[in-house]
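Residues per chain are reported as follows:
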Amino acid sequence: MRVLLFGIAKDIAGTPAITTTAVADVAALKEWLYTQYPALRQLRSLMIAVNKVYANDEQSLLPGDEIAVIPPVSGG
Amino acid sequence: MNVLVKIAADINVQEALNFVESPDCGGVVLFVGNVRNETQGRKVVKLFFECYEPMAIAEMEKIAQHTIATMGISRIAILHITGEKFPGETVVVIAAAAPHRGVAFEACEYAIDTLKQTVPIWKKEFFEDGAIWVAAHP
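This is a predicted model, so every value here is computed, not measured.

Colleague: When you look at helix α2 (residues 53-70) of chain B in this model, what are you seeing that I'm missing?
Modeller: Each turn of an α-helix holds 3.6 residues, which means side chains three or four residues apart point in the same direction. All names here are of chain B. Taking 1.5 Å of rise per residue, 18 residues should cover 26 Å, and α2 covers 26 Å from first to last C-alpha, within 8% of that figure. Of all the residues in α2, the buried ones are Met 55, Ala 56, Glu 59, Met 60, Ile 63, Ala 64, Thr 67 and Ile 68. Where α2 ends, the next residue or the one after it, Gly 72, has phi of about 85°, a positive value.

Colleague: Can you walk me through the sheet that holds strand β4 (residues 53-55) of chain A in this structure?
Modeller: All names here are of chain A. Read from one edge to the other, the open sheet built from 5 strands follows the order β2-β1-β5-β3-β4, with strand pairing classed as mixed. If you trace the sheet from one side to the other, it starts and ends with β2 (17-19) and β4, each paired once. With direction set aside, neighbouring strand axes in the sheet form an average angle of 35°. Summarising the sheet, strand β1 (residues 2-5) and β2 pair through 3 bridges and their orientation is antiparallel. Looking at β2, one finds that Leu 4 is bridged to Ala 17. Against the sheet, helix α2 (residues 26-36) contacts β1, β2, β3 (47-50), β4 and β5 (67-70), and its axis sits at roughly 130° relative to β3.

Colleague: What am I meant to see in the interface of chain B and chain A here?
Modeller: A common way to express how large an interface is: the accessible area buried when the components associate. Taken together, the contact pairs 27 residues of chain B with 23 residues of chain A. Across the interface of chain B and chain A, roughly 2,100 Å² is buried in total on both sides, 59% from carbon and sulfur atoms. The largest contributions to the chain B side of the interface with chain A come from Tyr52(B), Met55(B) and Trp122(B), which together make up 30% of the buried area. For Lys124(B), the salt bridge goes to Asp11(A), with nearest N and O atoms at 3.2 Å. Applying the counting criterion to the chain B and chain A interface returns 16 residue pairs in polar contact (both at pLDDT 80 or more). Breaking the side of chain B that touches chain A down by element, the ones donating at least two residues are β4 (42-51), α2, β7 (90-98), α3 (101-118) and β8 (121-127) of chain B. Its residues assigned to classes, the side of chain B that touches chain A comprises 18 nonpolar, 4 polar and 5 charged.

Colleague: Looking at this structure, how should I read the sheet that holds strand β1 (residues 3-8) of chain B?
Modeller: Sheet strands line up and pair through hydrogen bonds in the backbone, either parallel or antiparallel. Residue and element names in this part refer to chain B. The 4 strands are arranged β1-β5-β7-β2 in an open sheet whose pairing can be described as mixed. Each edge of the open sheet is held by one strand with a lone partner, namely β1 and β2 (27-34). Here the strands of the sheet are splayed against their neighbours by 5° on average, with no regard to which way each runs. The pairing of β2 with β7 spans 8 bridges and is antiparallel. Within the sheet, the bridge partner assigned to Val 29 lies in β7 and is Ala 96.

Colleague: Looking at this structure, I do not really get the packing of α2(B) against α3(B). What am I missing?
Modeller: Any two packed helices are characterised by the angle at which their axes cross and by the distance between the axes. Residue and element names in this part refer to chain B. Two elements in contact, α2 and α3, have axes whose closest approach is 10 Å; the angle formed by their N-to-C orientations is 155°. One element, α2, and the other, α3, form an angle in the roughly antiparallel class. Between α2 and α3 lies a crossing whose hand is right-handed. In this structure, α2 uses Glu 59, Ile 63, His 66 and Thr 67 to contact α3, whose residues at the interface are Ala 107, Tyr 110, Ala 111, Thr 114, Leu 115 and Thr 118. Across the contact of α2 with α3, the residue classes break down as 5 nonpolar, 4 polar and 1 charged.

Cut-offs applied
Each chain has its residues counted from 1, running along the sequence as written. Lettering of chains starts at A and numbering of ligands starts at 1, both following the order in which they are written. Local features in this predicted model are restricted to residues whose pLDDT is 70 or higher, and side-chain atom pairs enter the listing and the counts only when it is 80 or higher, whereas totals over whole chains, interfaces and linings include all residues. Excluding hydrogens and water, the side-chain figures rest on all heavy atoms present in the structure. Numbering of helices and strands runs from the N terminus, with a helix taken as a DSSP run of H or I at least four residues long and a strand as a DSSP run of E at least two residues long. Multiplying 1.5 Å by the residue count of a helix minus one yields the expected span of that helix. Only protein chains enter the area calculation, which uses a 1.4 Å probe; residues under 20% of their type maximum are buried, those over 50% are exposed, and those in between are partly exposed. Paired strands, in this sense, are two strands between which DSSP finds at least two bridges. Note on method: axes are straight lines fitted to C-alpha atoms, helices fitted across the in-contact stretch only, with angles between N-to-C directions ranging 0 to 180 degrees. Contact between two residues is taken to exist if any of their heavy atoms lie within 4.5 Å; hydrogens are not considered. Once two parts are brought into contact, the accessible area they lose, counted with a 1.4 Å probe and summed over both, makes up the buried area. Think of a salt bridge as a Lys or Arg side-chain nitrogen and an Asp or Glu carboxyl oxygen that are within 4 Å of each other. For this analysis, a polar contact is any N or O atom pair within 3.5 Å, provided that within protein one partner can donate a hydrogen and the other can accept it, and provided that sequence-adjacent residues contribute only side-chain to side-chain pairs. Amino acids are sorted into nonpolar (Ala, Val, Leu, Ile, Met, Phe, Trp, Tyr, Cys and Pro), charged (Asp, Glu, Lys and Arg) and polar (every other residue, Gly among them). Small angles under 35 degrees read as roughly parallel and large ones over 145 as roughly antiparallel, with 65 to 115 read as roughly perpendicular and the rest as oblique. By definition, any crossing whose near helix is turned counterclockwise from its far helix by less than a right angle is left-handed, and any crossing with a clockwise turn is right-handed.

Structural data, given as structure tokens:
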């Protein structure tokens, strides 16, 4: 699955987009991300957006979903 | 339409005011956020803003629609920049218009507070001796 990265998450991964192994839901994606990029665990929060909407850990991920890693936001 | 949301390299206070002003609105409240030249005593050289634009627009739209639907204002504009900005330059503008001023103040404050919590925009602060993504770490 293709996953978009922003802000500090992009810096940690060193790329604006990654491809993950198949993951069933948001919780599994987070675990995969934490294993690949342990520095993500140090962040104040880590949200996942699915199709441009914040998703909870139980949400299933389907082929074709637009998935994004949202580190702590700091607009304004 | 009574809502304007926009992300661009440059934004303009007058554009927000022009959008919300209307003969039925006696109160217009404007919030302007500019780059500050220091953070906790460290001189800030510049800020860099990155956004997940389609989602940021959707979240800004949600904020705007909430103020219209539940807070009693008539029109609102929320503008945010992306890219590089220097001290004194404007990064966010919110204008809210209502028949009377009270709800316009409340809506403006709600909009900027919520934007800072939910809209996927990230700010990197550049000092003379390094840079950090703001609020990334506890």
